[in-house]
Amino acid sequence: MSVEQKDELIRAQNELIGILFEIIKRFQANHTLDDEYFQIISGNPNELAKKRLDQILLEREQNSMAISKLLEKIES
């Protein structure tokens, strides 16, 4: 294997590690949001809590879309 091929492989591995790290980070964020969501709904949510629930759902959706795009990037 030539030096250029090794460098290319190292760059690809680094990119893959970065993508996987970002996926894990977003999965962990969704898990944290899930915990907060269930805490709020287990009580008696007021208007402020309902707004936070909407924010949580939006954040989870954004994280999920980002995860999907990152997984597509790995596939290609």
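So, the packing of aromatic side chains
Link 1 in the chain: Evaluation of the coordinates by the stated rule reveals 1 aromatic pair.
Link 2 in the chain: With 5.6 Å between their ring centres and 85° between their planes, tyrosine 37 and phenylalanine 38 make a pair best called edge-to-face.
Link 3 in the chain: Residue tyrosine 37 is classed as partly exposed on the basis of its relative accessible area, which comes to 23%.

Observations concerning the nonpolar core
Link 1 in the chain: Within the largest apolar cluster, 5 residues are counted, these being Leu33, Ile40, Ala49, Leu53 and Ile56.
Link 2 in the chain: Residue assignment for this core shows that the elements contributing at least two residues are helix 1 (3–42) and helix 2 (47–75).
Link 3 in the chain: Per-element tally for this core: the top contributor is helix 2, with 3 residues.
Link 4 in the chain: Setting aside residues no more than four positions away along its own chain, leucine 53 makes contact with Tyr37, Ile40 and Ile41.

Scoring rules and cut-offs
Residues numbered from 1 in each chain as written. Predicted model: local features only at pLDDT ≥ 70, side-chain atom pairs only at ≥ 80, totals over all residues. Heavy atoms only, no water. Phe/Tyr/Trp six-rings, centres within 6.5 Å; stacked < 30°, edge-to-face > 60°. Buried < 20%, exposed > 50% of the residue type's maximum accessible area, 1.4 Å probe, protein only. Core = buried A, V, L, I, M, F, W, Y, C linked by side-chain atoms within 4.5 Å. Helix = DSSP H or I, 4+ residues; strand = E, 2+ residues; numbered from the N terminus. Contact = heavy atoms within 4.5 Å.

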